[in-house]
Amino acid sequence: MMRFSPFSSRLSTKNPLTTASLSPGQREFLTAELIHKRQVRITRSMLLVLLLALWELAARFDWIDSFIFSSPTMIIQCFWSMAKDGSLFLHTGVTLMETILSFLLVVSISLASALLLWSSRALSEILEPYLVMLNSLPKSALAPLLIVWLGNNTRTIIVAAVSVALFGSILTLHTGFSQTDPDKIKLIDSLGGTKKDVLIKVLLPSSIPLIISNMKVNIGLCLVGVIIGEFLSSRAGLGYLITYGSQTFSCGNILI
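Now for a description of the structure that goes with this document.

Here is what the cut-offs are and how they apply
- Each residue is numbered by its place in its chain's sequence as written, counting from 1.
- At least 70 in pLDDT is required for a residue's local features to be given in this predicted model, at least 80 for side-chain atom pairs to be given and counted, and no such filter applies to totals for whole chains, interfaces and linings, which use all residues.
- Hydrogen atoms and water are omitted, and side-chain values are computed over all heavy atoms in the structure.
- Under the pairing criterion, centres of Phe, Tyr and Trp rings, with the six-membered ring standing for Trp, must be within 6.5 Å; the plane angle then separates stacked pairs below 30 degrees from edge-to-face pairs above 60, leaving the rest tilted.
- Only protein chains enter the area calculation, which uses a 1.4 Å probe; residues under 20% of their type maximum are buried, those over 50% are exposed, and those in between are partly exposed.
- Within this document, salt bridges are pairs made up of a side-chain nitrogen of Lys or Arg and a carboxyl oxygen of Asp or Glu, the two lying within 4 Å of each other.
- Runs of E in the DSSP output that reach at least two residues are strands. Runs of H or I that reach at least four are helices, and both are numbered from the N terminus.
- For a helix, the expected span equals 1.5 Å multiplied by the residue count minus one.
- Directions are taken from the helix axis to each C-beta atom, and the arc is the one they span.
- Pairs of residues are marked as contacts when any of their non-hydrogen atoms sit within 4.5 Å.

## Quick look at the packing of aromatic side chains
Phase 1: Following the criterion strictly, the structure yields 1 aromatic pair and no others.
Phase 2: Taking the centre distance of 5.6 Å and the plane angle of 25° together, the rings of Phe-61 and Trp-63 count as stacked. You'll find Phe-61 and Trp-63 in the same group, each marked exposed.

Structure (structure tokens):
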């Protein structure tokens, strides 16, 4: 029996000829899937609106202290005032630039390191416990040391962000590379191929989904690392805004 996935249902709804060729039971299944997805989207939106409304009402009727917990309207007013004076875009741009730089460094260094470990079994066995140890270290505790070593500058923030994502990324990629289909590798070897042929024709093509999923995780970790670095060593950025707001309880005009 042929099974129909949500992906095929989307294709079917966009192609009248395909929809017309479906049986009544298949149409009923696709219709039920579309209704289910619509209900999920509507419920998500209603839940978000309900939570924001409860938050606003709690602040207005003094069920919570609006000075401590704020409210949606106060956040919108703060956002609008910072957007008008340009400080929001300035600090967001600084954090975005630092995140992109650290992300590119993490992707390139982790991919090169994982390939190096894959190419040398002895090297991977020697370095693996050190990578596990470095990955388990609390990165926020290293931030003050990075300030002492590198100074109070943007370089420290980028290094802090790289340290958050790098070692876990290397371990993930190396584990994935080590699990490459051995039959395909034996086939390349039996045909007289070299390790370079295995890398180009088998390892990298089969590891593209792993690399992409690893990049998705790294972009979030790099942002977290940048914010941690900006807490301790910055004069601009979203982390600086958070620190400034926690100290002054104000979102005033914060310009560099």
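Read on for the rest.
## Points about the pattern of salt bridges
Phase 1: Per the stated rule, a full pass over the model turns up 2 salt bridges.
Phase 2: Linking Glu-56 and Arg-60 is a salt bridge whose minimum nitrogen-to-oxygen distance equals 2.7 Å. Remark: Arg-60 and Glu-56 occur in helix H3 (residues 24-60); sequence separation between them is 4 residues, near one turn of the helix.
Phase 3: Judged by relative accessible area, which is 11%, Glu-56 ranks as buried.
Phase 4: The class of Arg-60 is exposed, set by a relative accessible area of 58%.
Phase 5: For Glu-125, the salt bridge is made with Arg-121, and the minimal N-O distance between the two is 3.1 Å. Here Arg-121 and Glu-125 lie together in helix H7 (residues 121-136), a separation of 4 residues that amounts to about one turn.
Phase 6: For Arg-121, a relative accessible area of 66% puts it in the exposed group.

## So, helix H5 (residues 72-85)
Phase 1: Here H5 spans 20 Å end to end across 14 residues, near enough to the 20 Å set by a 1.5 Å rise per residue.
Phase 2: Taken as a whole, H5 has its buried residues at Pro-72, Cys-78, Met-82 and Ala-83. Seen end-on, H5 carries its buried residues on one side only, within an arc spanning 130°. Summarising the geometry of H5, the exposed residues directed more than 90 degrees from the buried face are Ile-76, Gln-77, Trp-80 and Lys-84.
Phase 3: On its buried side, H5 packs onto H3, helix H6 (87-119) and helix H12 (238-248).
Phase 4: Note on H5: the residue one or two positions beyond its end, Gly-86, has a positive phi of about 85°.

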